[in-house]
Amino acid sequence: MREVLASWSIPLAAIIIAAGSFVVTVRMSVTKADLEYAVQIDERVQELETKLAACEAERAAVERKNLQLMERLFQLDKQSRTEWKEISHDDPYAVFTGGRGNLRGAPVP
Amino acid sequence: MKLLRAAIDALLSHGHVVIWIAAALHFIWAPLLLLDDKAAMITSIHGFVSFVEIFGLHLVPGIHALILVVASFLSLEALRRPPSIKNWLLVVPQQVIVMTTAAGGWVAIMTGHYADGYPAPRAFIAADQIIFTLVGLAHTLAVMFGGSRRKDA
């Protein structure tokens, strides 16, 4: 038995087994990995395209809402200017007195 | 050079440790594969799974875990028994498994992405997966010379 173990038959067989299983696995896996990766990339692209479409729709909705709010803001600003003009009677200090008179307490026409 | 020679000598003298570590790793992988099939997408395990597919056994439920456990058990049994051709054959299944896991790492390096499709720089994958190649080489050396060294010891 010592002679068998001392010979190169076992080391050689071990090398052949190791190299064989390694090479076979690499050859099998490389093609398979590329195919799987291609499928995964396609799925990922489709998923991202769906997300992109949803984001585009959301962006358009937000832009519409933003435009409505801007118009509303413009109207309110215009309205507040008109109302303030009526309250203040063109008195620059009316902002401090609430439109009831100037800073010295003198009534404003 | 002396350091390298001493390292190789130490590896050959204590080759059974590598076999034990590989067996422990496979014993741990087996229940994880049973718990969740997605564990098979781990790059190193995927190499082994691809190898099993060659024989068409991958369709049998739990076959990967079973093979891992049986191979680990056989290799540990080989460590327990005195060196002989018959006992040496007990380590062969685990030898094949460690080389297929090493191959899984190299496939990831060559294709530039992990088995689950995560792309990464090749150097990144190599740094991550090279341990399985080292274990495979150490296991091969242990299988080549471990028996005679143990007998000599």
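The shown structure was predicted, so the numbers you read here are calculated from the model rather than taken from an experiment.

1. Observations concerning the confidence of the model for chain A
Thinking step 1. Averaged over every residue, the pLDDT of chain A is 80; the share at 70 or more is 72%.
Thinking step 2. Here helix H1 (residues 2-6) of chain A stands out as the element of chain A with the lowest mean pLDDT, 58, in contrast to helix H2 (residues 9-88) of chain A, whose mean of 88 is the highest.

2. Points about the nonpolar core
Thinking step 1. Within the largest apolar cluster, 45 residues are counted, with the highest numbers of intra-cluster contacts made by Leu-68, Met-99, Ala-102 and Ala-103 of chain B.
Thinking step 2. Of all the secondary-structure elements, those providing two or more residues to this core are H2 of chain A together with helix H2 (15-35), helix H3 (43-54), helix H4 (63-80), helix H6 (92-111) and helix H7 (122-152) of chain B.
Thinking step 3. The leading source of residues in this core is H6 of chain B, at 10 residues.
Thinking step 4. For Ala-103 of chain B, the contacting residues outside a window of four places in its chain are Phe-22, Thr-25, Val-26 and Ser-29 of chain A together with Gly-47 of chain B.

3. So, the interface of chain A and chain B
Thinking step 1. At the interface, 25 residues of chain A touch 31 residues of chain B.
Thinking step 2. Mapped onto the side of chain A that touches chain B, the elements with two or more residues apiece are H1 and H2 of chain A.
Thinking step 3. Broken down by class, the residue content of the side of chain A that touches chain B amounts to 17 nonpolar, 4 polar and 4 charged.

4. As for the packing of H3 of chain B against H4 of chain B
Residue and element names in this part refer to chain B.
Thinking step 1. Taken N-terminus to C-terminus, the directions of H3 and H4 make an angle of 105 degrees; their axes are 11 Å apart at the nearest point. As summarised for this structure, H3 and H4 are arranged roughly perpendicular, according to the angle between their axes. On H4, the residues that touch Phe-48, Val-49 and Val-52 of H3 are Ile-63, His-64 and Ile-67.
Thinking step 2. Its residues assigned to classes, the contact of H3 with H4 shows 5 nonpolar, 1 polar and no charged.

What counts and what doesn't
Residues numbered from 1 in each chain as written. Chains lettered and ligands numbered in written order. Predicted model: local features only at pLDDT ≥ 70, side-chain atom pairs only at ≥ 80, totals over all residues. pLDDT = per-residue confidence, 0-100. Helix = DSSP H or I, 4+ residues; strand = E, 2+ residues; numbered from the N terminus. Core = buried A, V, L, I, M, F, W, Y, C linked by C-beta atoms within 7 Å. Buried ≥ 20, exposed ≤ 12 C-beta atoms within 10 Å, placed from the backbone. Contact = placed C-beta atoms within 7 Å. Nonpolar A, V, L, I, M, F, W, Y, C, P; charged D, E, K, R; others polar. Axes fitted to C-alpha atoms, helices over the stretch in contact; angles between N-to-C directions. Parallel < 35°, antiparallel > 145°, perpendicular 65-115°, else oblique.

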